[in-house]
Amino acid sequence: MIVRLLRFEVDGLVSVGRWLLRRPDVPAGAVAVPYAKAQNPLLTVFLVVQVVETVGVELLLRGLGVPEAVRVPLLALGVYGSVMVAGMIASGVVRPHVVTGAELRVRLGHYLDVRVPVELVESTGTVRGYESSLKVDGERLIVPVGSQTNTRVTLREPITVTRPLGRTAEVRVIDFYAESPPAAVGRPSSAPGR
């Protein structure tokens, strides 16, 4: 579990680097299907508040004459928190959903990457769902962004997905958010079950 959490931290830093270098994690010939616009306004507010809080606490503690032994760890925690929020923003931008001729990759930043072989897709469609967090509900994986989903992919047979903290689940339906739902499934949408 600790190794997985450390990997999330490193992946967040790598995402910030990719974001600054404008190098999204999209293979050549693949179609990127973004989703980050639905979450980035709120995350940007968190980032601004985190930075203002870090600077404010440092200035306040300096003004009160608090020793460096107390100030430096608090400053380090504030900077660390700011970098982690920046990593969340960056990972949503540089790790969009991806569609290739062979697979659909449903992603949620650096926390989730589900590879769905195209030949397993039974039907696709739009769906309006509201969920606050990533979860598995029976045979359905729900990957919300901004507490919403708008795309559903139903599979011919279940696939195994690994959730962010390592637990696995068998799912046959994946509900997720995409800025352009038809592009997310690589073809015109059809009603689920057809």
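Because the structure is a prediction, the values reported are computed rather than measured.

Enquirer: What is the right way to read the sheet that holds strand β2 (residues 97-99) from this model?
Expert: Picture the strands of a sheet paired through backbone hydrogen bonds; they go either parallel or antiparallel. The strand order across the open sheet formed by 4 strands is β1-β2-β3-β4, and the pairing between neighbours is antiparallel. Edge positions in the sheet fall to β1 (31-33) and β4 (112-117), since each of these pairs with one other strand and no more. Going across the sheet, the axis of each strand differs from the next one's by a mean of 15°, ignoring polarity. Taken together, the 6 bridges between strand β3 (residues 103-108) and β4 define a ladder with antiparallel strand orientation. Across the sheet, residue R107 finds its bridge partner in β4, namely D113.

Enquirer: Hey, could you run me through the pairing of β3 in this one?
Expert: The side chains of a regular strand alternate, first on one face of the sheet and then on the other. With 6 of its 6 residues buried, β3 lies for the most part within the structure. The two faces of β3 match: E103, R105 and R107 on one face and L104, V106 and L108 on the other face are all buried. Where β2 and β3 come together, 2 bridges link them in antiparallel fashion. Residue pairing across strands places V99 opposite L104, the latter belonging to β3. Linkage of β3 to β4, two consecutive antiparallel strands, is achieved through a turn of 3 residues, within which G109 is found at a positive phi near 55°.

Enquirer: What is the right way to look at the environment of S180 in this model?
Expert: On the secondary structure map, S180 appears in the loop between β9 (168-176) and α4 (181-184). Separated by 139 residues in the primary sequence, S180 and P41 place their C-alpha atoms 18 Å from one another.

Enquirer: Even after reading the chapter, I still don't get the sheet that holds β9, so can you show me in this structure?
Expert: Pairing in this open sheet of 5 strands is mixed, and the strands run β5-β8-β9-β7-β6 from one edge to the other. The open sheet has two free edges, formed respectively by β5 (121-129) and β6 (135-137), since each of these has just one partner strand. Strand-to-strand, the axes of this sheet are offset by a mean angle of 40°, without reference to chain direction. Sheet analysis places strand β8 (residues 149-162) next to β9, joined by 8 bridges and oriented antiparallel. Bridge pairing in β9 places V161 opposite A169.

Enquirer: Hey, could you run me through the pattern of salt bridges in this one?
Expert: As a working rule, side chains carrying opposite charge can pair if their charged atoms are close by. Following the criterion strictly, the structure yields 12 salt bridges and no others. The salt bridge involving R71 is made with E58; its shortest N-O contact spans 3.2 Å. With a gap of 13 residues between them, R71 in helix α3 (residues 68-94) and E58 in helix α2 (residues 40-63) connect regions that are remote in the sequence. Residue R71 is classed as buried on the basis of its relative accessible area of 11%. The exposure class of E58 is buried, given its relative accessible area of 11%. Here E131 ties to K135 by a salt bridge, and the two come within 3.2 Å at their closest N and O atoms. Overall, the relative accessible area of 33% leaves K135 in the partly exposed class.

Enquirer: Even after reading the chapter, I still don't get unusual backbone geometry, so can you show me in this structure?
Expert: The phi torsion of most residues other than glycine is negative, and most of the peptide bonds are trans. With a phi close to 55°, R22 is a non-glycine residue in the positive phi region. Locating R22 in the fold gives a position in the loop between α1 (2-21) and β1. Judged by its relative accessible area of 74%, R22 falls in the exposed class. Backbone geometry at S147 places phi at a positive 65°, although glycine is not the residue there. Look at S147 and you get partly exposed, because its relative accessible area is 36%.

Calculation criteria
Residues numbered from 1 in each chain as written. Predicted model: local features only at pLDDT ≥ 70, side-chain atom pairs only at ≥ 80, totals over all residues. Heavy atoms only, no water. Pairing = 2+ DSSP bridges. Helix = DSSP H or I, 4+ residues; strand = E, 2+ residues; numbered from the N terminus. Axes fitted to C-alpha atoms, helices over the stretch in contact; angles between N-to-C directions. Buried < 20%, exposed > 50% of the residue type's maximum accessible area, 1.4 Å probe, protein only. Salt bridge = Lys/Arg side-chain N within 4 Å of Asp/Glu carboxyl O.

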